[in-house]
There are 2 protein chains.
Amino acid sequence: MGTTQLEAVPEPKYWHLKNVIGEALDSEFAVGEILPNERELAARFGVARATLRQALEQLELEGRLQRRRGVGTTVAPPRVGVDVSTTQHVWPGVGEDTWQAVDGVAGQAPLAVARLLDVRSAESVHIVRRLRVSAGLPVAAELLYVPELSVPGLTATDAAGGPAGARAVLRELQRLTLDGQDRSVELGSARADDARELDRLPGSPVLVVTTRYLSGGRTAAVSVATYRADTCRLTFGDSGDLAMAS
Amino acid sequence: MGTTQLEAVPEPKYWHLKNVIGEALDSEFAVGEILPNERELAARFGVARATLRQALEQLELEGRLQRRRGVGTTVAPPRVGVDVSTTQHVWPGVGEDTWQAVDGVAGQAPLAVARLLDVRSAESVHIVRRLRVSAGLPVAAELLYVPELSVPGLTATDAAGGPAGARAVLRELQRLTLDGQDRSVELGSARADDARELDRLPGSPVLVVTTRYLSGGRTAAVSVATYRADTCRLTFGDSGDLAMAS
DNA sequence: AAGTGGTCTAGACCACGCG
DNA sequence: GCGTGGTCTAGACCACTTG
């Protein structure tokens, strides 16, 4: 009875730390400014480096910090709004400057994609690799899976081999009538190859946008685009611009 | 010269571990099955517990595992597709069973929301708290910010106090004509109160869906909905159902 | 009370970017 | 070569759930 419980809910140290640093970020740091290094920060707050890192990880997840090995930790700019609205209803690669074709190969779709395509998982499909660039920085890497059935006027050698092959597939795809598309967004972690192209470490959090392109009652193509979760805010608006900047 | 470098690219242990366990999950475990505990797994793989945990964290981020303190680690079911398509163009709370009103209070919007509402940050707004339930489980917690200007026929006492007040605000809002809406999705970490309602730990990854409701050339309301990133896949489709289930 | 995952420590070494 | 963040260890204790 005698003791009044002042700290009834002892919140974790890293959580408290995250909030403290977050507030400091708002008031005492400018975008792009570099923070003291982790060993220094840990010492300053009187915690182990691992605990300090847990706080920084959260802030990076929220897009407020950017950490680069060999360089340091900097204050991140506000997230970029990236338009992924589905209202345009066009095939990938039509009025293009946002996406650039990187490569085209023949291969087989992963199981989950094969199901969406309604294709035997061992069956060979065209795979087009594209990169989305915004303001000079890569924001997304895409794998576009196109069954050979969707682009009959194309040989395997046409489709393969560098950007030219990739563009050939996109061109053939655009000859079909697009009946509709649906799209989903979920959290994922970057595969090794995507991470390399996005200039991130393997496993970093990404937003995975899966789009199914419908034509003639079939799924004509499936796109799996992985967006950097730290720097991107996906926008779907009619009016597009949900600016939160100052 | 003598030694041939077989492991030219030493990938991190936790990464390799993640892949090994991930494959085991596909082949040797059923949904809902509980894994051996972390100390046991770490010993079995010959790594420190922290390293093992790093691998499990990634798998949980990808929605493949579910960990609960005091209980254990279980194999997660495939993510639930949650429809968040914007095509309906309706005010929140119209043909409702997916969302349930929890509470209504008067308060002031956080800075980022105040900017979207074009409202002085100190100005009092109605705040409606809602919970989205899918298949009996909470999947999202929402804060709906409604400036008093948008619902002039409502006193502060009408709006406050439990579910009834919340529903009063929604009802008034529906009297306006909805001109449009736009929406954005980004990664965030759960605030303490959201985490509690979603049955997660504070800071767990969430998908933050911000919706702006436009009426009469103004932003009549802003909704900030946080979805559990581990269990949810947000769908935007015309045809809605992007099922990846077996 | 026992067993689980969650937090935290104090160290060590590694991989990378830059001067 | 030096300083940075990234990985890893071996241990301790805490918070929670369940029998």
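If you check an unreviewed UniProt entry, chain A appears there as GntR-family transcriptional regulator from Streptomyces laurentii.

**Here we look at the protein's contact with DNA strand C**
Not every one of the 27 residues close to DNA strand C is listed here, only the nearest: Lys13 and Thr51 of chain A together with Asn37, Arg49 and Arg53 of chain B. Restricting the count to atoms of DNA strand C within 4 Å of the protein gives a sugar and phosphate share of 67%. Between Glu38 of chain B and DNA strand C, the recorded distance is 2.9 Å, taken from a backbone N or O atom to a phosphate oxygen. Elements that contribute at least two residues to the surface near DNA strand C include exactly α1 (13-28) and α3 (49-61) of chain A together with α2 (38-45), α3 (49-61), β1 (65-68) and β2 (72-75) of chain B. Here the element with the most residues in the surface near DNA strand C is α3 of chain A; it accounts for four residues. For the surface near DNA strand C, the residue count by class is nine nonpolar, seven polar and eleven charged.

**Observations regarding helix α6 (residues 162-173) of chain A**
Compared with the 16 Å implied by 1.5 Å per residue over twelve residues, the 17 Å span of α6 of chain A between its first and last C-alpha is a close match. Within α6 of chain A, the full set of buried residues consists of Gly162, Gly165, Ala166, Ala168, Val169, Leu170, Glu172 and Leu173 of chain A.

**Thoughts on the sheet that holds strand β4 (residues 99-108) of chain B**
In spatial order, the strands read β3(A)-β10(A)-β7(B)-β8(B)-β9(B)-β6(B)-β5(B)-β4(B); together these eight strands make up an open sheet with mixed pairing. Edge positions in the sheet fall to β3 (80-83) of chain A together with β4 of chain B, since each has one partner strand and no second. Neighbour-to-neighbour, the strand axes of this sheet turn through a mean angle of 25°, independent of strand direction. Strand direction decides the pairing type here: strand β8 (residues 205-215) of chain B and strand β9 (residues 218-228) of chain B, joined by ten bridges, are antiparallel. Counted as the bridge partner of Val206 of chain B is Arg228 of chain B from β9 of chain B. Contacts from helix α6 (residues 162-173) of chain B reach β4, β5 (124-134), β6 (137-147) and β9 of chain B within the one sheet, and its direction differs from that of β4 of chain B by about 85°.

**Side note on the packing of α1 of chain A against α3 of chain A**
Residues and elements named next belong to chain A. Interhelical geometry of α1 versus α3 gives an angle of 55° and a closest axis separation of 8 Å. Between α1 and α3, the interaxial angle falls into the category oblique. Once α1 is placed against α3, the crossing between them reads as right-handed. Here Lys13, Tyr14, Trp15, Leu17, Lys18, Ile21 and Gly22 of α1 lie close against α3, whose contacting residues are Thr51, Leu52, Gln54, Ala55, Leu56, Gln58 and Leu59. In terms of residue class, the contact of α1 with α3 is made up of eight nonpolar, four polar and two charged.

**Description of the domain arrangement of chain A**
Residue and element names in this part refer to chain A. Assigned domains of chain A: these are domain 1 (13-75) and domain 2 (80-244). For domain 1 and domain 2, the distance between their C-alpha centroids amounts to 34 Å. Regarding the contact of domain 1 and domain 2, the summed buried area is about 360 Å², with carbon and sulfur atoms giving 46% of it. Interface area lost by domain 1 to domain 2 is led by Glu60, Leu61 and Gln66, which between them contribute 63%. Joining domain 1 to domain 2, the criterion identifies one salt bridge. As a salt-bridge pair, Arg200 and Glu60 come within 3.4 Å of each other at their nearest N and O atoms. Going through the elements one at a time, α3 and β1 (65-68) are the ones with two or more residues in the side of domain 1 that touches domain 2.

**Here we look at the UniProt feature "domain: HTH gntR-type" (unreviewed entry) in chain A**
When the UniProt feature table is mapped to this numbering, "domain: HTH gntR-type" (unreviewed entry) covers residues 11-78 of chain A. Secondary structure content for residues 11-78 of chain A is 54% helix and 12% strand, and the end C-alpha separation is 28 Å.

**Quick look at the pairing of strand β9 (residues 218-228) of chain A**
All names here are of chain A. Burial analysis of β9 places ten of its eleven residues in the buried class, which makes it a mostly covered element. Pairing geometry for strand β6 (residues 137-147) and β9, over six bridges, is antiparallel. Bridging across to β9, Leu144 finds its partner in Ser223. The loop that links strand β8 (residues 205-215) with its antiparallel partner β9 comprises two residues; one of these, Gly216, has a positive phi angle of about 55°.

**Structural notes on the protein's contact with DNA strand D**
Close contacts around DNA strand D come from 27 residues, with Asn37, Arg49 and Arg53 of chain A together with Lys13 and Thr51 of chain B the closest. Backbone atoms, meaning sugar and phosphate, make up 67% of the atoms of DNA strand D lying within 4 Å of the protein. Within the side chain of Arg69 of chain B, one N or O atom sits 3.3 Å away from a sugar or linking oxygen of DNA strand D. The set of elements that each furnish at least two residues to the surface near DNA strand D consists of α2 (38-45), α3, β1 and β2 (72-75) of chain A together with α1 (13-28) and α3 of chain B. Looking at which element gives the most residues to the surface near DNA strand D, the answer is α3 of chain B, with four residues. Taken together, the residues of the surface near DNA strand D sort by class into nine nonpolar, seven polar and eleven charged.

**Let's talk about the pairing of strand β10 (residues 232-235) of chain A**
Here β10 of chain A shows two buried faces, one formed by Cys232 and Leu234 of chain A and the other by Arg233 and Thr235 of chain A. Bridge count between β3 of chain A and β10 of chain A: four bridges; the pairing is parallel. Bridge pairing in β10 of chain A places Asp83 of chain A opposite Thr235 of chain A. Examined bridge by bridge, β10 of chain A and strand β7 (residues 180-189) of chain B share two bridges and lie antiparallel to one another. Of the residues in β7 of chain B, the one forming a bridge with Thr235 of chain A is Ser184 of chain B.

Reading the values: rules and limits
Residues numbered from 1 in each chain as written. Chains lettered and ligands numbered in written order. Predicted model: local features only at pLDDT ≥ 70, side-chain atom pairs only at ≥ 80, totals over all residues. Heavy atoms only, no water. Near = heavy atom within 4 Å. Polar contact = N/O pair within 3.5 Å; in protein donor to acceptor, adjacent residues only side chain to side chain. Helix = DSSP H or I, 4+ residues; strand = E, 2+ residues; numbered from the N terminus. Nonpolar A, V, L, I, M, F, W, Y, C, P; charged D, E, K, R; others polar. Expected span 1.5 Å × (residues − 1). Buried < 20%, exposed > 50% of the residue type's maximum accessible area, 1.4 Å probe, protein only. Pairing = 2+ DSSP bridges. Axes fitted to C-alpha atoms, helices over the stretch in contact; angles between N-to-C directions. Contact = heavy atoms within 4.5 Å. Parallel < 35°, antiparallel > 145°, perpendicular 65-115°, else oblique. Left-handed = near helix turned anticlockwise from the far one by under 90°. Domains from an automatic or database assignment. Buried area = accessible area lost by both parts, 1.4 Å probe. Salt bridge = Lys/Arg side-chain N within 4 Å of Asp/Glu carboxyl O. UniProt positions renumbered as here; feature names shortened; annotations may be inferred.

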